[in-house]
Amino acid sequence: MEYAELFSYLANITSVIAFLFAGYQFFQWRRQQRHSLELESILNMEDRFELLVASNMKVVKNFQKAKEIVKESSDKPIEEKNKIDLWLKMEFFESVKSAQHRANECAESYSLACFKAKRLGFDVASTDELQCGWIVEKFSSFISSDISTEEITSEVSAIKQKAGEKFAALRKI
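These notes cover the structure that comes with them. Quick caveat: nothing in here was measured; it's all calculated off a predicted structure.

About the thresholds
- Residues numbered from 1 in each chain as written.
- Predicted model: local features only at pLDDT ≥ 70, side-chain atom pairs only at ≥ 80, totals over all residues.
- Heavy atoms only, no water.
- Patch = residues over 30% accessible without salt bridge, like charges linked within 9 Å, V, L, I, M, F, W, Y side chains within 5 Å.
- Areas by Shrake-Rupley, 256 points an atom, 1.4 Å probe, with all protein chains shown as cover.
- Salt bridge = Lys/Arg side-chain N within 4 Å of Asp/Glu carboxyl O.
- Helix = DSSP H or I, 4+ residues; strand = E, 2+ residues; numbered from the N terminus.
- Buried < 20%, exposed > 50% of the residue type's maximum accessible area, 1.4 Å probe, protein only.
- Axes fitted to C-alpha atoms, helices over the stretch in contact; angles between N-to-C directions.
- Parallel < 35°, antiparallel > 145°, perpendicular 65-115°, else oblique.
- Contact = heavy atoms within 4.5 Å.
- Nonpolar A, V, L, I, M, F, W, Y, C, P; charged D, E, K, R; others polar.
- Expected span 1.5 Å × (residues − 1).
- Core = buried A, V, L, I, M, F, W, Y, C linked by side-chain atoms within 4.5 Å.

Remarks on a nonpolar patch on the surface
Nonpolar side chains collect at one region of the surface, where Tyr3, Leu6, Tyr9, Leu10, Ile13 and Ile17 lie side by side and expose about 680 Å² of accessible area between them. Position of Ile17 among the secondary structure elements: in helix α1 (residues 2-72).

Spelled out as structure tokens, the structure:
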């Protein structure tokens, strides 16, 4: 009987250890699942950010091109000015309308990605460069101001660098 009791006692101890190990593994698995969800959320937000910046940059480039054409046409004959006006009213308008529609879609998509990150507890509101409204307003200011393409490119690069640093910090959490 001694061996049977010893075996029973060892089986009970082994069962308790196995139960504790299974519980530990379960909580590790849950933590890993949460981490995967958080990382996916931040990566999605980062991708949407790039699309938002690119689509808004396209709108700005269209307006920069139109401004250059209008400046160049100021000393041209009236017939060429009329052609340019017609081009601005037809082709340019459609091009800007299409680019603006795409930028609006990207803004909506990025806003949803930000909302998801906020729900997961990430602090994305403290950095202006991650705020959809701030980004759209900044690009709108590029259109309305009279700054060069180089200055715009420099500012966009600074925005992307600051946002990239924040995204890198969020991915490490």
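Points about the pattern of salt bridges
A side chain of one charge can pair with a side chain of the opposite charge if their charged atoms are brought near each other. Throughout the structure, instances matching the rule amount to five salt bridges. Here Glu46 makes a salt bridge to Arg171, at a shortest N to O gap of 2.4 Å. Taken together, the residues span a long stretch of sequence, with Glu46 in helix α1 and Arg171 in helix α4 (residues 149-172) at a distance of 125 residues. The exposure class of Arg171 is partly exposed, given its relative accessible area of 30%.

Let's talk about the packing of helix α2 (residues 78-119) against helix α3 (residues 132-144)
Across the interface, α2 lies against α3 with an axial gap of 10 Å and an inter-helix angle of 155 degrees. When the axis of α2 is compared with that of α3, the two are roughly antiparallel. Where α2 abuts α3, its residues Ala107, Tyr110 and Ser111 lie against Cys132, Ile135 and Val136. When its residues are assigned to classes, the contact of α2 with α3 shows five nonpolar, one polar and no charged.

Looking at the environment of Val53
Note that Val53 resides in helix α1. You can call Val53 buried: its relative accessible area is 4%. With 83 residues separating them in the primary sequence, Val53 and Val136 have C-alpha atoms 8.6 Å apart. Apart from residues lying up to four places away in sequence, Val53 is in contact with Phe139, Val156 and Lys160.

Description of the environment of Leu170
You can see Leu170 is positioned in helix α4. Residue classification places Leu170 among the buried residues on the basis of a relative accessible area of 4%. Considering only alpha carbons, one finds Leu170 and Ala117, 53 residues apart in sequence, at a separation of 9.9 Å. Setting aside chain neighbours within four positions, we find Leu170 in contact with Ile42, Phe122, Asp123, Val124 and Leu130.

Describing α4
Counted at 1.5 Å a residue, the expected span for α4 with its 24 residues is 34 Å, and the 34 Å between its end C-alpha atoms agrees. Along α4, the residues classified as buried are Ile152, Val156, Ile159, Ala163, Lys166, Phe167 and Leu170. Where α4 is buried, its residues meet α1, α2 and α3.

Observations regarding the side chain of Glu46
Looking at Glu46, the relative accessible area reads 18%, which means it is buried. Excluding residues that lie within four positions of it along the chain, Glu46 makes contacts with Phe167 and Arg171.

A few points about the nonpolar core
Among the nonpolar cores identified, the biggest contains 27 residues, and Met45, Phe49, Tyr110, Leu130, Phe139 and Phe167 are the most heavily contacted of them. Elements with a minimum of two residues in this core: α1, α2, α3 and α4. No other element matches the seven residues that α1 contributes to this core. Not counting the four nearest positions on each side in its chain, Phe139 is found in contact with Val53, Asn56, Met57, Val60 and Val156.

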